Amino acid sequence: MPPKSGTRPYEIVVFGATGFTGERIALYLAQLQASGKYTNTFAIAGRSDSKLHDVVSKLKQQTNASTTKISVIGGVSTDDPASLRRMTEQAEVIVTAVGPFRQFGEPVVEAALATQTHYVDVTGE
């Protein structure tokens, strides 16, 4: 049975947020958060901490909201199963924009299954 809703640090983690699609998803969540329509915290995840922090800065600027709560989970790679599990165990839902799925998708699915995390793939292929 999946963990009870609200027991993990983040409702949503966007994996691949430094790419075009992932950044657009993160922007949408940040806009909802800035407007008060989304009050939960979310995180963005990927390989590079510095690139993820650049995305956070850009999102805060685009939403004109310095109080937007966006956390960063860095050091996550599809070729490192432990990093994927570390990411998925923190989320109720993983939204992955890391693609192509054929090359990078299966390890993320496996980590989501192992941690009983809901999984959404939006790689767009």
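Residues numbered from 1 in each chain as written. Predicted model: local features only at pLDDT ≥ 70, side-chain atom pairs only at ≥ 80, totals over all residues. Heavy atoms only, no water.

Caption draft 1: View of the overall build of the protein. Within the protein, the secondary structure is distributed over four helices and five strands. Moving toward the C terminus, one meets the helices and strands of the protein in the order β-α-β-α-β-α-β-α-β. Seen through its principal axes, the protein has C-alpha atoms that stretch 35 × 30 × 25 Å. A total of 125 residues make up the protein; the buried ones form 42% of that total. Excluding contacts between residues fewer than 6 apart, the proportion of contacts in the protein whose partners are at least 24 apart in sequence is 71%. Entry remark: accessible area of the protein is about 7000 Å², with carbon and sulfur atoms responsible for 51%. (Helix = DSSP H or I, 4+ residues; strand = E, 2+ residues; numbered from the N terminus. Buried < 20%, exposed > 50% of the residue type's maximum accessible area, 1.4 Å probe, protein only. Contact = heavy atoms within 4.5 Å. Areas by Shrake-Rupley, 256 points an atom, 1.4 Å probe, with all protein chains shown as cover.)

Caption draft 2: Structural detail: the pattern of salt bridges. Scanning all chains against the criterion turns up one salt bridge. We note a salt bridge from Lys58 to Glu23, for which the minimum N-O separation is 2.8 Å. Here Lys58 is found in helix H2 (residues 49–63), whereas its partner Glu23 is found in helix H1 (residues 20–35), with 35 residues between them in sequence. Looking at Glu23, the relative accessible area reads 15%, which means it is buried. (Salt bridge = Lys/Arg side-chain N within 4 Å of Asp/Glu carboxyl O.)

Caption draft 3: Seen up close, the side chain of Arg8. Structurally, Arg8 is set in the segment before strand E1 (10–15). Glu92 is the oppositely charged side chain nearest to the buried, salt-bridge-free Arg8, at an N-O distance of 7.0 Å. For Arg8, the side chain forms a polar contact with the main-chain oxygen of Ala91, separated by 2.6 Å. In terms of polar contacts, Arg8 uses its side chain to reach the backbone carbonyl oxygen of Thr115, at 2.4 Å. (Lys, Arg positive; Asp, Glu negative; His and termini not counted. Polar contact = N/O pair within 3.5 Å; in protein donor to acceptor, adjacent residues only side chain to side chain.)

Caption draft 4: Geometry of the nonpolar core. Core analysis: the largest hydrophobic core is formed by 16 residues, its most contacted members being Ile12, Val14, Phe42, Ile44, Leu59 and Ile70. Those elements giving two or more residues to this core turn out to be E1, H1, strand E2 (42–45) and H2. Look past the residues within four positions of Val14 in its chain and what remains in contact with it is Gly22, Ile25, Leu29, Ala43, Ile44, Ala45 and Val95. Formed by 14 residues, the second largest nonpolar core is a distinct cluster that contains Val13, Ala43, Ala45 and Val76. (Core = buried A, V, L, I, M, F, W, Y, C linked by side-chain atoms within 4.5 Å.)

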